[in-house]
Amino acid sequence: VFASTPIDQSSSFDVGFSPNKGSLALVLKAISSAQKSIHVAAYSFTSKPIAEALLAAKNRGIDVKVIADEKSNSGKYSATTYLANNNVPVKLDGNYPIFHHKFIIVDGKTLETGSFNFSAAASKNAENVLVLWNVPAIAAIYENQWNNLWNEAQQLKANY
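Please give an account of the sheet that holds strand β8 (residues 154-155) that cites residues and values.
Read from one edge of the open sheet, eight strands run β1-β7-β6-β5-β2-β3-β4-β8, paired in mixed fashion. For this open sheet the edge positions go to β1 (12-18) and β8, each flanked by a neighbour on one side alone. Of the strand pairs in this sheet, β1 and strand β7 (residues 127-133) are connected by seven bridges, and their pairing is antiparallel. Its bridge partner being in β7, Ser18 is matched across the sheet by Glu127. Each of β1, β2 (37-42), β5 (103-106), β6 (110-113) and β7 is contacted by helix α1 (residues 23-32), which is oriented at about 30 degrees to β7, the strand it contacts most.

Lay out unusual backbone geometry in plain terms, naming residues and giving numbers.
In the segment running from Ser18 into Pro19, the intervening peptide bond is cis, with an omega of 0 degrees. A positive phi is found at Asn87, a non-glycine position, where the angle reads about 65 degrees. The residue Asn87 is located in the loop between α3 (79-85) and β4 (90-93) in this model. The phi angle at Asn134 is positive, at roughly 55 degrees, despite the residue not being glycine. Looking at where Asn134 falls in the secondary structure, it is placed in the loop between β7 and α4 (136-152).

Can you tell me about α4, naming the residues and giving the values?
Compared with an ideal rise of 1.5 Å per residue, which puts 17 residues at 24 Å, α4 spans 24 Å between its outermost C-alpha atoms and is within 8% of the ideal. All of the buried residues in α4 are Ala139, Glu143, Trp146, Leu149 and Trp150. All buried residues of α4 project into a common sector of 125 degrees when viewed along the axis, lining one side. Considering only its buried residues, α4 is in contact with β2, β3 (63-69), β4, β5 and β6.

Residue-level account of the environment of Ala158, with values.
Position of Ala158 relative to the elements: it lies in the segment after β8. Between the C-alpha atoms of Ala158 and Thr81, which are 77 residues apart in sequence, the distance is 6.9 Å. Those residues within four positions of Ala158 in sequence are excluded, and the remaining contacts are Ala84 and Asn85.

Just give me the short version of the packing of aromatic side chains, but keep the residues and values in it.
Within the structure shown, the criterion is met by three aromatic pairs. Between Phe45 and Phe118, the ring centres sit 6.2 Å apart and the planes meet at 65 degrees, which makes this aromatic pair edge-to-face. Taken together, the residues span a long stretch of sequence, with Phe45 in the loop between β2 and α2 (48-59) and Phe118 in the loop between β6 and β7 at a distance of 73 residues. Using a relative accessible area of 0% as the deciding quantity, one classes Phe45 as buried. With relative accessibility at 1%, the residue Phe118 sits in the buried group.

So, how was this worked out
Residues numbered from 1 in each chain as written. Predicted model: local features only at pLDDT ≥ 70, side-chain atom pairs only at ≥ 80, totals over all residues. Heavy atoms only, no water. Pairing = 2+ DSSP bridges. Helix = DSSP H or I, 4+ residues; strand = E, 2+ residues; numbered from the N terminus. Contact = heavy atoms within 4.5 Å. Axes fitted to C-alpha atoms, helices over the stretch in contact; angles between N-to-C directions. Expected span 1.5 Å × (residues − 1). Buried < 20%, exposed > 50% of the residue type's maximum accessible area, 1.4 Å probe, protein only. Arc of directions from axis to C-beta. Phe/Tyr/Trp six-rings, centres within 6.5 Å; stacked < 30°, edge-to-face > 60°.

Structure representation (structure tokens):
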């Protein structure tokens, strides 16, 4: 166990499952809740709705940054390319056989995680999403890991 901390009574959670039991809607809800920042760690990232939600957040002044697996996001269509082309900072991490993370930290206090890939296929697969609302102690642990990953990854340049 990396850390064990009681969860504050003001915390809550939402769970979604795929297919058709709220996974994508829950990811979008977490993104739209942002007031300051959204830090994403993604394996496969081809989801147009998630990419559009992240760009909309950036356009309303939210600090949006994305790290994604280098090999899974080097194809012809990738949401990472779309975001980089729209001035969202994106880095690709090729330091591991698979960069298999799937989490989002919102405002340093909300954590979205689970098996749900941020991909077009994820809504058809058997996958899960867990959003922990108002859990700054847990979010801080993920934020620390996200920062380590951000620092080792390579910037994706706009390609247009």
